[in-house]
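Breakdown of the fold
This is what each chain is made of:
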Amino acid sequence: MKNTVRLLFIEDDALIRESVSRGLQQDGLTVNTVADGTSGLLVLKNDPYDLLLLDLGLPRIDGITVLGTLRQQGNKIPVLILPARDTVADCVRGLNAGADDYLVKPFDLLKLAARIHALLRRQAGRAGGTIGA
Ligand code: CA
């Protein structure tokens, strides 16, 4: 039996949301998406995911706030943030807020998939589990 890796992708840009989730699904990952931070927090409260892909520029609650709220709630889900190209400060803020990694937009899908798998392996190592093995 194969473990299915489940990702949540919070992204307000419909084009990016669809192309990225399609690409990752072809890579064998299960991707669910929501379009804003409020919905993302709600979903994560009720449903455990293996990894969160988080856009930073989001309507209502921005990505950094989503991340800070999750960590405050004790949620240790691995988080990969996706800052816009010209906002280096956001990478730093994101990492300080508890992100595990980041990939600046626009990014290559293969690179994103590789980062995701690396994060999952690290996580599995920490937990002594076998996700991604
Ligand atoms: Ca955005």
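Remember, predicted model here, so these are calculated numbers, not experimental data.

Each value, and the rule that gives it
Residues numbered from 1 in each chain as written. Predicted model: local features only at pLDDT ≥ 70, side-chain atom pairs only at ≥ 80, totals over all residues. Heavy atoms only, no water. Donors = N, O, S within 2.8 Å, 3.2 Å for Na, K, Ca; no water. Helix = DSSP H or I, 4+ residues; strand = E, 2+ residues; numbered from the N terminus. Buried < 20%, exposed > 50% of the residue type's maximum accessible area, 1.4 Å probe, protein only. Pairing = 2+ DSSP bridges. Salt bridge = Lys/Arg side-chain N within 4 Å of Asp/Glu carboxyl O. Contact = heavy atoms within 4.5 Å. Polar contact = N/O pair within 3.5 Å; in protein donor to acceptor, adjacent residues only side chain to side chain.

**Considering the coordination of the calcium ion**
Looking at the calcium ion, one finds its protein donor set to be Asp12 (OD), Asp55 (OD) and Gly57 (O), positioned 2.2 to 2.4 Å from the metal centre. Counting gaps between the donor residues of the calcium ion yields the pattern D-x42-D-x1-G. Residue Asp12 is located in the loop between strand 1 (6-10) and helix 1 (14-26), and its partner Asp55 is located in strand 3 (residues 51-55); the two are separated by 43 residues in the primary sequence. A residue is classified by how much of its surface remains accessible, and Asp12, at 35% relative accessible area, is partly exposed. Looking at Asp55, the relative accessible area reads 4%, which means it is buried.

**Structural notes on the pairing of strand 3**
The two faces of a sheet get side chains in turn, since along a regular strand they alternate between them. Among the 5 residues in strand 3, 5 count as buried, and that is most of the element. Burial of strand 3 is two-sided: the residues Leu51, Leu53 and Asp55 facing one way and the residues Leu52 and Leu54 facing the other way are all buried. When strand 1 meets strand 3, the two strands line up parallel, connected through 4 bridges. Bridged to Leu7 within strand 3 is Leu51. With 4 bridges connecting them, strand 3 and strand 4 (residues 79-82) associate as parallel partners.

**Observations concerning the pattern of salt bridges**
The final tally for this structure, using the stated rule, is 7 salt bridges. Here Asp47 makes a salt bridge to Arg6, at a shortest N to O gap of 3.1 Å. Here the residue Asp47 occupies a position in the loop between helix 2 (37-46) and strand 3, and Arg6 occupies one in strand 1, the gap between them amounting to 41 residues. Classification of Arg6 by relative accessible area gives partly exposed; the value is 23%. Close ionic contact of Arg93 with Asp90 constitutes a salt bridge, the shortest N to O distance being 2.8 Å.

**Observations regarding the environment of Asp100**
Mapped onto the secondary structure, Asp100 falls in the loop between helix 4 (88-96) and strand 5 (101-102). Taking the relative accessible area as the measure of exposure, Asp100 reaches 27% and is therefore partly exposed. Between the C-alpha atom of Asp100 and that of Pro59, which follows or precedes it by 41 residues, the distance is 22 Å. With near-sequence residues (within four places) excluded, Asp100 lies in contact with Arg71, Ile77, Pro78, Val79, Leu95, Leu119, Arg122 and Arg126. Reaching out from Asp100, the side chain makes a polar contact with the side chain of Arg71 at a distance of 3.1 Å.

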